[in-house]
Amino acid sequence: FADVSMKNNYTRPEIAIDGVIDIHDGRHPVVELMLSDEIFVPNDIYLDTKGSRMSVITGPNMSGKSTYMRQTALITLMAQMGCFVPASYAKISVVDRIFTRVGASDEVSDILKFATKNSLVILDEVGRGTSTFDGISIARAVAEHICSSKNLGCKTLFATHYHELIELENLMEGVKNYSIAVKKSGDGIRFLRKIVKGGVDESYGIEVAKLAGLPNKVVKRA
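Residues numbered from 1 in each chain as written. Predicted model: local features only at pLDDT ≥ 70, side-chain atom pairs only at ≥ 80, totals over all residues. Heavy atoms only, no water.

Peer 1: Residue-level account of the sheet that holds strand β7 (residues 120–124), with values.
Peer 2: Hydrogen bonds along the backbone pair up the strands of a sheet, which may run parallel or antiparallel. Reading across the sheet, the six strands line up as β6-β7-β8-β4-β9-β10 and stay open at both edges, with mixed pairing between neighbours. Whereas interior strands pair on both sides, the edge strands pair on one side only; in this sheet they are β6 (98–101) and β10 (188–197). Strand-to-strand twist across the sheet, computed as the mean angle between neighbouring axes with direction ignored, equals 15°. As paired strands, strand β4 (residues 54–58) and strand β8 (residues 155–159) are joined by four bridges and run parallel to one another. Bridge pairing links V56 to F158 in β8. Against the sheet, helix α3 (residues 65–81) makes contact with β4, β6, β7, β8, β9 (175–185) and β10, and its axis sits at roughly 160° relative to β7, the strand it touches most. Its contacts with the sheet place helix α5 (residues 132–147) against β4, β7, β8 and β9, and it is angled at close to 165° to β8. (Pairing = 2+ DSSP bridges. Helix = DSSP H or I, 4+ residues; strand = E, 2+ residues; numbered from the N terminus. Axes fitted to C-alpha atoms, helices over the stretch in contact; angles between N-to-C directions. Contact = heavy atoms within 4.5 Å.)

The following block contains the structure:
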């Protein structure tokens, strides 16, 4: 731990029990070391068990949402292991468990059964894999249940393409909207990898498909 902390400019975290996770200039400890042609863009995060229980994160695929959520979980885990962390400052409240639903493995059921108000929950694209309206309904019901202080009320990062969910910020205490900054230029886009306040109402799906290498003919048709 001492060796890796010195090599990678880690910071000693402040360990707390007031429910707050406050990270300044947080970085992903693996991704930042894998980048060769670009600089890793650090991001802040603030979560608590009161007015900032859930961050709803919108933005395109491939823009950095998953990296942002994973680094938050990793920094929390590293702090509780006794390691310094990749950030300029970190106050980490002890969590009892870290739950994730990232990718194809669906653990939402276990999260709803076993998470507590002292857990950290990472959710990516809940509701995917069914019809649009069913997916939105499931995602919203899950978000409401987890965020509600009467149910779980735990610290949660909730990434979604369902832009309808950004209205939860005005309807529920504890929900804050964030998004990945995107710069549009001509018919293309550039991901700035920076988390900013506020939700977005488009996913830039066709532009992302173009970046992913789909043939121009298919992109134009889409």
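Peer 1: How would you explain the side chain of D124 if you had to name every residue and give the values?
Peer 2: Topologically, D124 is positioned in strand β7. Although D124 lies buried, it forms no salt bridge, and the closest oppositely charged side chain, K65, sits 5.6 Å away as judged by the N-O distance. Among the polar contacts listed, one links the side chain of D124 to the side chain of S66, at a separation of 2.6 Å. (Buried < 20%, exposed > 50% of the residue type's maximum accessible area, 1.4 Å probe, protein only. Lys, Arg positive; Asp, Glu negative; His and termini not counted. Salt bridge = Lys/Arg side-chain N within 4 Å of Asp/Glu carboxyl O. Polar contact = N/O pair within 3.5 Å; in protein donor to acceptor, adjacent residues only side chain to side chain.)

Peer 1: Now, about α3: what can you tell me, with residues and values included?
Peer 2: Under the 1.5 Å per step criterion, the end-to-end length of α3 is 25 Å for 17 residues, consistent within 8% with the ideal 24 Å. The first or second residue beyond α3 is G82, which carries a positive phi of 100°. (Expected span 1.5 Å × (residues − 1).)

Peer 1: Report on the pairing of β9, specifying residues and quantitative values.
Peer 2: Examined bridge by bridge, β4 and β9 share five bridges and lie parallel to one another. Paired with M54 across the two strands is V175, which belongs to β9. Direction of pairing for β9 relative to β10: antiparallel, over a ladder of seven bridges. When the bridges of β10 are listed, S179 appears paired with V196.

Peer 1: If you had to explain the environment of V30 to someone new, which residues and values would you point to?
Peer 2: Examined against the element boundaries, V30 turns out to sit in the loop between β2 (21–26) and α2 (31–34). Remark: the alpha-carbon pair of V30 and Q71, spanning 41 residues in sequence, is separated by 8.9 Å.

Peer 1: Before we move on, could you go through the pairing of β2 and cite the residues and values that matter?
Peer 2: As paired elements, β2 and strand β3 (residues 43–47) share four bridges and run antiparallel to each other. Following the sheet pairing, D22 is matched in β3 by Y46. Alignment of β2 against strand β5 (residues 89–93), held across four bridges, turns out to be antiparallel. Pairing of I21 across the sheet is with I92, part of β5.

All we've got here are geometric facts, nothing functional implied.
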